[in-house]
Amino acid sequence: IAESLAVLRTLDAEVRRDPRNAATWYRRGMIAWALAYRDTIPPPIDATDWTLLSRMADTSFRRAALAAPSNPQYHLAVGRFLLSSGDAFA
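Procedures and definitions
- Residues numbered from 1 in each chain as written.
- Predicted model: local features only at pLDDT ≥ 70, side-chain atom pairs only at ≥ 80, totals over all residues.
- Heavy atoms only, no water.
- Helix = DSSP H or I, 4+ residues; strand = E, 2+ residues; numbered from the N terminus.
- Expected span 1.5 Å × (residues − 1).
- Contact = heavy atoms within 4.5 Å.
- Polar contact = N/O pair within 3.5 Å; in protein donor to acceptor, adjacent residues only side chain to side chain.
- Phe/Tyr/Trp six-rings, centres within 6.5 Å; stacked < 30°, edge-to-face > 60°.
- Buried < 20%, exposed > 50% of the residue type's maximum accessible area, 1.4 Å probe, protein only.
- Core = buried A, V, L, I, M, F, W, Y, C linked by side-chain atoms within 4.5 Å.

Peer 1: Explain helix α4 (residues 72-85) to me, please; I cannot follow it from the model alone.
Peer 2: Every α-helix winds through 3.6 residues per turn, so residues three or four apart in the chain are directed the same way. Here α4 is 14 residues long and its end C-alpha atoms lie 20 Å apart, about the 20 Å a rise of 1.5 Å per residue gives. Buried residues in α4 make contact with α2 (22-39) and α3 (50-67). By the N-cap criterion, in which a side-chain oxygen at the helix start approaches the backbone nitrogen of a residue two or three places on, α4 is capped by Asn71, the distance to Gln73 being 2.9 Å. One or two steps after α4, the chain reaches Gly86, where phi turns positive at roughly 85°.

If you want it as structure tokens, here you go:
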């Protein structure tokens, strides 16, 4: 888990440096989504909040889709995340 959080911090720094990099946004979303899901299963992960990680995943997938509108994988990721999170009304 600590390694995943470290990778997430690295990807966060990358998207801040280059906000048009759709692939990095997508990777950031996938890791945030996995960690958010894991945090809902007992025992919870120390120093994490699944709600913040879920919002990070949502934002990351949306930013990937905006950065590369012709790539259907990123649009599908947005839809899959929304359907699995129960927030499909958003």
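Structure's up, so let's keep going.
Peer 1: Would you take a moment to explain the packing of aromatic side chains for this structure?
Peer 2: If you walk through the whole model with that rule in mind, you get 5 aromatic pairs. Taken together, a centroid distance of 5.3 Å and an interplanar angle of 45° make the contact between Tyr26 and Tyr74 tilted. Residue Tyr26 is found in helix α2, and its partner Tyr74 is found in helix α4; the two are separated by 48 residues along the sequence. With respect to class, Tyr26 is no different from Tyr74; both count as buried. Considering the side-chain rings of Trp33 and Phe61, the 5.7 Å spacing of their centres and the 80° angle between planes classify their relative orientation as edge-to-face. Residue Trp33 is found in helix α2, and its partner Phe61 is found in helix α3; the two are separated by 28 residues along the sequence.

Peer 1: Please explain the nonpolar core as it appears in this structure.
Peer 2: A general trend in soluble globular proteins is that nonpolar side chains are found buried together. Within the largest apolar cluster, 21 residues are counted, with the highest numbers of intra-cluster contacts made by Tyr26, Leu35, Phe61 and Tyr74. Going through the elements one at a time, α1 (2-17), α2, α3 and α4 are the ones with two or more residues in this core. With 6 residues, α2 is the largest single contributor of residues to this core. Excluding residues that lie within four positions of it along the chain, Tyr26 makes contacts with Phe61, Ala64, Gln73, Tyr74 and Ala77.

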